[in-house]
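Working through the structure, step by step
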Amino acid sequence: MFSDINSFIAELERRRELVHVAEPLSPDLEIAAVIDRVSKSPGGGPALVFDRPAGASMPVAANLFGSMSRMCLALGVDRLDDLAGEIDELTTPPMPKGFMDAIRLMPLASRLTDLMPKTVKDAPCQEVVKMDGGLDELPVLRTWPDDGGPFITLPLVITRDPETGMRNIGTYRMQVYDRRTTGMHWQRHKGGAQHHRVAERMGKRLEVAVALGADPVLIYSATAPMPEGLDELMLAGIIGKRRVEMVKCRTVDLEVPANAQIVLEGYVEPGERRREGPFGDHTGLYSLADDFPVFHLQCVTMRKNPIYVTTVVGIPPMEDLYLGKASERIFLPLIRKTLPEIVDMHFPAAGIFHNIVLVSIDKRYPGHARKIMSAFWGLGQLMFSKCIVVVDKDVDVQNEAEVAWICGTHVDPSRDIVITTGPVDDLDDAAIQPSFGGKMGIDATRKWPSEGVTREFPKRLVTTDAARRRAEDIWKKISDDSGKR
Ligand SMILES: Cc1cc2nc3c(=O)[nH]c(=O)nc-3n(C[C@H](O)[C@H](O)[C@H](O)COP(=O)(O)O)c2cc1C
Ligand SMILES: [Mn+2]
């Protein structure tokens, strides 16, 4: 596992999955345009390091997670589903059947305590401490021409609930207003916003620490849809199989990942709002300007030679697709804890995570597909699911064309569509109102008589096993022969 972003970058170099750009490109639009162009190449393109951005004192790294193979490497697995297996094991403690069995299970308990973060004294992220440091030292990108300014797009925003002390880490963009102030774009449904809500109710200032360029597992974990109140560092510990090292901040009562490149310490005042945006967003549209809390910077700490790690969002596919794919795979076994009938799920790139959600189920009773829709609309960030398509377990939801075929053949729109309203993603500008709008569920399972559908429904075409095996043999010959030609 990678101890910091430098060792990840070194490994990507070794694997020839990273390209250095030596031209002095501008952080104003030019670097972002290159990142966008590279993201649109087959498979997501290589990782990028811009060695000498114009006017900047440090390099810019981007698209580090922008392919399936790099996302797997970042999380230390060959396939993302390997992680799912481990998480499943850790979250399903077997009940000991007796004393000897209990002793045998001890290593599991120690594995769980091995995941707790630990505090260290010396940290690379504090090699340099600048009490009067400013954001003008960072090559923050302006990514799209109508953007309201430059935006920090891949920060780990760390806060504590002022009442319970529970920590949250989330990735929320920060618009740079001047060298000591930024926007704080935590949307109303997110962990940071909840801590701020509590602080505002108490009339208190909320301390905030922002880590830039932590290790790959931590960067991913900050984007993960962890249930409220569960520490993202636990997840990072499970994935990274090691205790995350944290260091106390210099001016606020918070800890930050010791291995980060740069740390911004500061606070958000109760009641203060400022215009944030517009911002060229991962919807592929400009998110409209709106009022958001304001982050006041009071201290910058960093490594001696930091790298500024960032990402560009835009029309999919871009780097965040792969971060989202990791969450899709990692959270599937956890969702199955309450919804064991779920076989698989898939969020197509064009659906930007939650606009299109494809789920296959082992259908067990009438109305089962509708139960799954209701469950998703009530489950964490899956509440944002705008169109949920539920299919039977014999349909491969990773195959978008197959799901489209099944929808076309198995759905009667007058019978199988569920329309409802509820909370929607803040970024949904088509919704009837900000954050509140419609959702659709499509029941594309085979309907049962017990669901009131007595009309005979035809069977799917499948040949016999014997004929299929024969066909496989012949196909092998045909393809070998055509390979020779
Ligand atoms: C590149 C990137 C940028 C993001 N920007 C924001 C943002 O500006 N505001 C926001 O609320 N969520 C943003 N997110 C999504 C959150 O990070 C995500 O919902 C996360 O689960 C929030 O964690 P939380 O539940 O602890 O709040 C972004 C995600 C990525 C990958
Ligand atoms: Mn959280």
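Predicted model only: the values in this text are computed from it and were never measured.

**A few points about the overall build of the chain**
Tallying secondary structure elements over the chain gives 14 helices and 25 strands in all. Against the globule reference of 23 Å for 485 residues, the chain gives a C-alpha radius of gyration of 24 Å, in line with a compact fold. In terms of overall dimensions, the chain has C-alpha extents of about 75 × 65 × 60 Å along its principal axes. Counting every position in the chain, which comprises 485 residues, the buried fraction comes to 52%. Considering only contacts within the chain whose residues lie at least 6 apart along the sequence, 71% involve residues at least 24 apart. Across the chain, the 60 positively charged side chains and the 68 negatively charged ones have centroids separated by 4 Å.

**Thoughts on the site of ligand 1**
Looking at ligand 1, there are 18 residues lining it, with Asn168, Thr171, Tyr172, His185 and Gly191 nearest. Gln187 has a polar backbone atom sitting 3.0 Å from an oxygen atom of ligand 1. A distance of 3.0 Å is found between an oxygen atom of ligand 1 and a backbone nitrogen or oxygen belonging to Ala224. Out of a free accessible area of 640 Å², ligand 1 has 88% covered by protein chains. Broken down by secondary-structure element, the contributors of at least two residues to the shell around ligand 1 are strand 8 (167-170) and helix 8 (216-223).

**Quick look at the packing of helix 8 against helix 9 (residues 232-240)**
Running from N to C, helix 8 and helix 9 point in directions that differ by 135 degrees, and their axes come no closer than 9 Å. Between helix 8 and helix 9, the crossing angle belongs to the class labelled oblique. Helix-helix and strand crossings are classified by hand; for helix 8 and helix 9 the assignment is right-handed. Contacts between helix 8 and helix 9 involve Val217, Leu218, Tyr220 and Ser221 on the former and, on the latter, Glu232, Leu233, Leu235, Ala236, Ile239 and Gly240. Residues that form the contact of helix 8 with helix 9 fall into these classes: seven nonpolar, two polar and one charged.

**Here's the deal with the packing of helix 3 (residues 68-75) against helix 10 (residues 319-338)**
Running from N to C, helix 3 and helix 10 point in directions that differ by 60 degrees, and their axes come no closer than 10 Å. By the angle class used here, helix 3 and helix 10 are oblique. Handedness of the crossing formed by helix 3 with helix 10: right-handed. Counted together, Met68, Met71 and Leu75 of helix 3 and Tyr322, Leu323, Lys325, Ala326 and Ile330 of helix 10 form the full contact between these two elements. When its residues are assigned to classes, the contact of helix 3 with helix 10 shows seven nonpolar, no polar and one charged.

**As for the coordination of the manganese ion (ligand 2)**
The protein atoms donating to the manganese ion (ligand 2) are Asn168 (OD1) and Glu232 (OE), with metal-donor distances spanning 2.1 Å. In this pair, Asn168 sits in strand 8 while Glu232 sits in helix 9, placing the two residues 64 residues apart along the sequence. Assessed through its relative accessible area of 10%, Asn168 is described here as buried. Assessed through its relative accessible area of 4%, Glu232 is described here as buried.

**Structural notes on the pattern of salt bridges**
In total, this model carries 41 salt bridges according to the counting rule given. Glu328 serves as the salt-bridge partner of Arg329, at 2.9 Å between the closest nitrogen and oxygen. As far as burial versus exposure is concerned, Arg329 and Glu328 are alike and both buried. For Arg468, the salt bridge goes to Asp465, with nearest N and O atoms at 3.6 Å. With Arg468 and Asp465 both in helix 14 (residues 465-484), this residue pair falls three residues apart, about one helical turn. Residue class for Arg468 comes out partly exposed when judged on its relative accessible area of 39%. What emerges from the salt-bridge pattern is a single network uniting Asp81, Lys325, Glu328, Arg329 and Asp344.

**A short note on the nonpolar core**
Counting 61 residues, the largest nonpolar core has Phe8, Leu64, Met71, Leu75, Tyr220, Leu235 and Ile330 as its most contacted members. In this view, Tyr220 contacts Met71, Leu75, Leu235, Ile239, Leu323, Ala326, Ser327, Ile330 and Phe331; residues no more than four positions away in its chain are not counted. Of all hydrophobic cores here, the second largest spans 38 residues; its members include Val21, Ile152, Trp186 and Val208.

**Examining the environment of Val397**
Along the chain, Val397 turns up in the loop between strand 23 (387-392) and helix 12 (400-410). Take Val397: its relative accessible area is 1%, and that puts it in the buried class. For the pair Val397 and Val19, spaced 378 residues apart in the sequence, the C-alpha separation amounts to 34 Å.

**Here's the deal with unusual backbone geometry**
Residue Gly277 is joined to Pro278 through a cis peptide bond whose omega torsion reads -5 degrees. Unlike most non-glycine residues, Arg16 shows phi in positive territory, near 55 degrees. Looking at the element boundaries, Arg16 is found in the loop between helix 1 (5-14) and strand 1 (18-21). A residue is classified by how much of its surface remains accessible, and Arg16, at 77% relative accessible area, is exposed.

**Examining the pairing of strand 9 (residues 174-178)**
Consecutive side chains of a regular strand alternate in pointing toward one face of the sheet and then the other. Counting buried positions along strand 9 yields four of five residues, so the element is predominantly enclosed. The pairing of strand 9 with strand 10 (residues 181-183) spans two bridges and is classified as antiparallel. Bridge assignment links Val176 to a residue of strand 10, and that residue is Thr182. A loop of two residues connects strand 9 with strand 10, the two strands running antiparallel in sequence.

Conventions we followed
- All chains use their own residue numbering, which begins from 1 and follows the written sequence.
- Here the convention is simple: chains get letters from A, ligands get numbers from 1, in the order in which they are written.
- Only residues with pLDDT of at least 70 are given local features in this predicted model, and only at 80 or more are side-chain atom pairs given and counted; all residues enter the totals for whole chains, interfaces and linings.
- Working from all heavy atoms in the structure, the side-chain values ignore hydrogens and water.
- Strands here are runs of E lasting at least two residues and helices are runs of H or I lasting at least four, both read from the DSSP assignment and numbered beginning at the N terminus.
- To get the radius of gyration, use the C-alpha atoms; to get the globule rule, take the number of residues to the power 0.38 and multiply by 2.2 Å.
- Relative accessibility decides the category of a residue: with a 1.4 Å probe and only protein chains considered, values under 20% of the type maximum give buried, values over 50% give exposed, and everything between is partly exposed.
- By definition in these notes, contact holds between two residues if any of their heavy atoms fall within 4.5 Å.
- Charged residues are defined narrowly, with Lys and Arg counted positive, Asp and Glu counted negative, and His plus the chain ends left uncounted.
- Note that the charge is assigned to NZ on lysines, CZ on arginines, CG on aspartates and CD on glutamates.
- Nearness is judged by heavy atoms alone; a residue qualifies as near a molecule or strand once a single heavy atom is within 4 Å of it.
- For the purposes of these results, a polar contact is taken to be a pair of N or O atoms within 3.5 Å, where, inside protein, one atom must be able to donate a hydrogen and its partner to accept one; residues adjacent in sequence count only when each atom of the pair is a side-chain atom.
- Each accessible area value is a Shrake-Rupley result obtained with a 1.4 Å probe; residue values ignore everything except the protein chains displayed when judging cover.
- Each axis is a line fitted through C-alpha atoms, taken for helices only over the stretch in contact, and angles between the N-to-C directions span 0 to 180 degrees.
- We call two directions roughly parallel when the angle between them is under 35 degrees, roughly antiparallel when it is over 145, roughly perpendicular when it lies between 65 and 115, and oblique otherwise.
- For a crossing to be left-handed, the near helix must be turned anticlockwise from the far one by less than a right angle; the clockwise case is right-handed.
- Gly is placed with the polar residues, together with every amino acid not listed as nonpolar (Ala, Val, Leu, Ile, Met, Phe, Trp, Tyr, Cys and Pro) or charged (Asp, Glu, Lys and Arg).
- Counted as donors are N, O and S atoms no farther than 2.8 Å from the metal, or 3.2 Å for Na, K and Ca; water is not among the atoms, and sites may therefore look incomplete.
- By definition here, a salt bridge exists when the distance from a side-chain nitrogen of Lys or Arg to a carboxyl oxygen of Asp or Glu is within 4 Å.
- Among buried residues, those of type Ala, Val, Leu, Ile, Met, Phe, Trp, Tyr and Cys that are joined through side-chain atoms within 4.5 Å constitute a nonpolar core.
- Strand pairing follows a simple DSSP-based rule, namely that at least 2 bridges must link the two strands.

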